[in-house]
Amino acid sequence: MSVHNSDLTAVVHDANEIVTIEEDGSLGIYEDAAIAVVDGKIERIGATGPVTREFSPEDATHAIDASGKAVVPGFIDPHTHALFAGDRSDEFEAKLQGKTYQEILADGGGILRTVRAVRDASDEELLSNLLSHLDTMLAHGTTTVEVKSGYGLDTETELRMLDVINRADDQHAVNVVPTFMGAHAIPEGRDADDYVDEVIEKQIPAIAEQGIAQFCDVFCEEGVFSVEQSRRVLEAGEEYGLTPKVHAEELAHIGGTQLAAELGATSADHLLHATQGDIDVVVESGVVPVLLPGTAFGLGAEFADARAFLDAGAPVAIATDFNPNCYSQSMGFATSLSCVEMGMTPAESLVAGTKHAGMALDMPDGSGTLQPGTPGDIAVLDAPSYVHVPYNFGVNAVETVLKDGKVVHRA
Ligand code: NIG
Ligand code: FE
């Protein structure tokens, strides 16, 4: 192909393997392969010889010799609370000594403690915190991340958080998807129903007016927001154009998955206590199950039954859930836990952290797949095969990251 009038953004060549995700969710593995990115989009993948004859690395703005290395789609992390302030490392120690997440929250710790820290932080401090976490995520191969508000719990601070999340998206190479989560906890001293009214009457209209969120999420949980309260919030969000997501069956089973299905939510997340009935509902309704193995690991809780979801045919996605209670920005670590603790194969964990994660964010078809015409969001590993992502646990296997075909990180 002639690339007149087009920009040969990148050629990654001589890779030991390039891994694509196919339409049916299987892997396409190209050995001794090259990938050409034109105008930021995947143009061609194939054997290095033919691809580089057509698209010479010398003509490319970014040429990468990937000899001995594997190339995979950039990770999509579809569930995080990555914007926060303060430090809760002492709660990690308390949990190790047997305190539960709910006990910490009931004592004014947990989410409520982060709310106080976020309200006290300046916009600049919040932005700088988030940008620094995005740097870490990018270095671990993440090219798209969802970030939720929900540490404001009042109109002013929720708006401030979403404004910062949008500014981070503008300033950083990582693509940031904003989610409004005013219903993340009941603010101290407030009645739950009364607070739900505030979320519906004040927060959602203000957020929608500024057009600063795509999704609306709710912590549908025993002792937090009931199914009925969650339904009210998500329906109000939908009226204002916010697509529903649900934190469902994380600490107890109360019916959040069923609610997600009834509302046509994009995803139901956590699902540690999901039943076979929930799994059937997820498959019938097309809700994407987002599993968060880091959260179970950090809480010392039982992991979600990924195998049951996969065997039922659900497009299982995984995410880091990065937040002060689950302090890991690494999708690679999430894949390790998925394999060792949730019975997934390395191939399934890769698909869960790329294509299916893109589905959990309503991204256009093909995001996270490296199929022709999709964004040139690519991770080059310092390893010969994609299996090293979960296999090399606790260590970052990612060496170079391209976003829209441009090199945005090099180890
Ligand atoms: O997904 N479950 C609710 N929200 C987060 C935790 C947030 C926090 O503890 O700060 C989660 O695990
Ligand atoms: Fe969460």
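Residues numbered from 1 in each chain as written. Chains lettered and ligands numbered in written order. Predicted model: local features only at pLDDT ≥ 70, side-chain atom pairs only at ≥ 80, totals over all residues. Heavy atoms only, no water.

**Some details on the overall build of the protein**
Along the protein, the regular secondary structure elements total 16 helices and 16 strands. Compactness check: the protein gives a C-alpha radius of gyration of 21 Å against a globular reference of 22 Å for 411 residues, within 12% of the reference. Principal axes of the C-alpha set define a box for the protein whose edges measure 65 × 40 × 40 Å. Within the protein, buried positions represent 59% of all 411 residues. Contacts in the protein between residues at least 24 apart in sequence constitute 71% of all its contacts with a sequence separation of at least 6. When the 23 positive and 67 negative side-chain charges of the protein are each reduced to one mean point, those points stand 4 Å apart. (Helix = DSSP H or I, 4+ residues; strand = E, 2+ residues; numbered from the N terminus. Rg over C-alpha atoms; globule rule 2.2 N^0.38 Å. Buried < 20%, exposed > 50% of the residue type's maximum accessible area, 1.4 Å probe, protein only. Contact = heavy atoms within 4.5 Å. Lys, Arg positive; Asp, Glu negative; His and termini not counted. Charge placed at Lys NZ, Arg CZ, Asp CG, Glu CD.)

**A closer look at the sheet that holds strand E6 (residues 75-77)**
The eight strands are arranged E6-E7-E8-E9-E10-E11-E12-E13 in an open sheet whose pairing can be described as parallel. Here the strands that pair on one side only, and so sit at the sheet edges, are E6 and strand E13 (317-318). The pairing of strand E7 (residues 142-148) with strand E8 (residues 175-183) spans five bridges and is classified as parallel. When the sheet's bridge partners are listed, Val 147 is paired in E8 with Pro 178. Running over the sheet, helix H8 (residues 227-239) touches E8, strand E9 (215-219) and strand E10 (243-248) and is turned about 175° from E9. (Pairing = 2+ DSSP bridges. Axes fitted to C-alpha atoms, helices over the stretch in contact; angles between N-to-C directions.)

**Details of the pairing of strand E14 (residues 378-381)**
Each regular strand shows side chains that alternate between the opposite faces of the sheet. Judged by which residues are buried, E14 turns out to be covered on both faces: Ile 378 and Val 380 on one side and Ala 379 and Leu 381 on the other are all buried. Sheet analysis places strand E5 (residues 70-73) next to E14, joined by three bridges and oriented antiparallel. Paired with Val 71 across the bridge in E14 is Val 380. Where E14 and strand E15 (residues 398-403) come together, four bridges link them in antiparallel fashion.

**Some remarks on the domain arrangement of the protein**
Here the protein is partitioned into domain 1 (5-74 + 370-410) and domain 2 (75-359). Relative placement of domain 1 and domain 2: their C-alpha centres are 30 Å apart. Taken together, the contacts link 24 residues of domain 1 with 21 residues of domain 2. Between domain 1 and domain 2 lies a buried interface of about 1,800 Å² when both sides are counted; carbon and sulfur atoms form 74% of it. On the domain 1 side of the contact with domain 2, Gly 74, Pro 390 and Lys 403 bury the most area, a combined 26% of that side's loss. There are zero salt bridges connecting domain 1 and domain 2. Counting every contact that joins domain 1 to domain 2 gives three residue pairs in polar contact (both at pLDDT 80 or more). Here the side of domain 1 that touches domain 2 takes four residues from E15, the largest share from any one element. Along the lines of polarity and charge, the residues of the side of domain 1 that touches domain 2 split into 15 nonpolar, five polar and four charged. (Domains from an automatic or database assignment. Buried area = accessible area lost by both parts, 1.4 Å probe. Salt bridge = Lys/Arg side-chain N within 4 Å of Asp/Glu carboxyl O. Polar contact = N/O pair within 3.5 Å; in protein donor to acceptor, adjacent residues only side chain to side chain. Nonpolar A, V, L, I, M, F, W, Y, C, P; charged D, E, K, R; others polar.)

**Describing the site of ligand 1**
Close to ligand 1 lie 16 residues, the nearest being Arg 88, Tyr 101, Tyr 151, Glu 250 and His 270. His 184 places a polar side-chain atom, nitrogen or oxygen, 2.8 Å from a nitrogen atom of ligand 1. When isolated, ligand 1 has an accessible area of 330 Å², and the protein chains bury 100% of it. Mapping ligand 1 onto the cavity grids shows that it belongs to the largest cavity. Here the shell around ligand 1 is composed, by residue class, of five nonpolar, eight polar and three charged. (Near = heavy atom within 4 Å. Areas by Shrake-Rupley, 256 points an atom, 1.4 Å probe, with all protein chains shown as cover. 1 Å grid on protein atoms, 1.4 Å probe; cavity = no way out; pocket = protein on both sides within 12 Å on 5 of 7 lines; lining within 4 Å. Sits in = over half its atoms within 2 Å of the grid points.)

**What about helix H10 (residues 276-285)?**
Taken as a whole, H10 has its buried residues at Asp 278, Ile 279, Val 281 and Val 282. On an axial view of H10, the arc spanned by its buried residues comes to 160°, and they lie on one face. For H10, the elements touching its buried residues are helix H9 (256-263), strand E12 (288-291) and helix H12 (306-311). A positive backbone phi angle near 80° is found at Gly 286, which sits one or two residues after H10. (Arc of directions from axis to C-beta.)

**A word on the packing of H8 against H9**
Closest axis-to-axis distance for the H8/H9 pair is 10 Å, and the angle between their directions is 25°. Comparing their axes, H9 and H8 come out roughly parallel. In the crossing of H8 with H9, the sense of the turn from one axis to the other is right-handed. Contacts between H8 and H9 involve Val 227, Ser 230, Arg 231, Leu 234, Glu 235 and Glu 238 from the first element and Gly 256, Leu 259, Glu 262 and Leu 263 from the second. (Parallel < 35°, antiparallel > 145°, perpendicular 65-115°, else oblique. Left-handed = near helix turned anticlockwise from the far one by under 90°.)

**Brief notes about a negative patch on the surface**
Where like charges cluster on the molecular surface, the negative patch consists of Asp 14, Glu 31, Asp 32 and Asp 65. Accessibility expressed as a relative area gives 46% for Asp 32, which makes it partly exposed. (Patch = residues over 30% accessible without salt bridge, like charges linked within 9 Å, V, L, I, M, F, W, Y side chains within 5 Å.)

**Focus: the layout of surface pockets**
Roughly 330 Å³ of volume is contained in the largest pocket. If you go around the largest pocket, you meet 19 residues; those closest to its centre are Phe 92, Pro 324, Asn 325, Cys 326 and Tyr 327. Of all the secondary structure elements, the ones that give two or more residues to the lining of the largest pocket are helix H2 (89-96) and helix H11 (293-299). Element by element, the count of residues in the lining of the largest pocket is highest for H2, at four residues. Considered class by class, the residues forming the lining of the largest pocket number eight nonpolar, seven polar and four charged. (Points joined across faces, edges and corners; volume = space filled by probe spheres on them.)

**Points about the coordination of the iron ion (ligand 2)**
Geometrically, a metal with four donors at the corners of a regular tetrahedron has ideal angles of 109.5 degrees, and one with six donors at the corners of a regular octahedron has ideal angles of 90 or 180 degrees. For the iron ion (ligand 2), the protein coordination sphere consists of His 79 (NE2), His 81 (NE2), His 247 (NE2) and Asp 321 (OD), at 2.0 to 2.8 Å. All donors of the iron ion (ligand 2) belong to a single chain; written as a sequence motif, their spacing is H-x1-H-x165-H-x73-D. Residue His 79 is located in the loop between E6 and H2, and its partner His 247 is located in strand E10; the two are separated by 168 residues in the primary sequence. A relative accessible area of 2% means that His 247 is categorised as buried. (Donors = N, O, S within 2.8 Å, 3.2 Å for Na, K, Ca; no water.)

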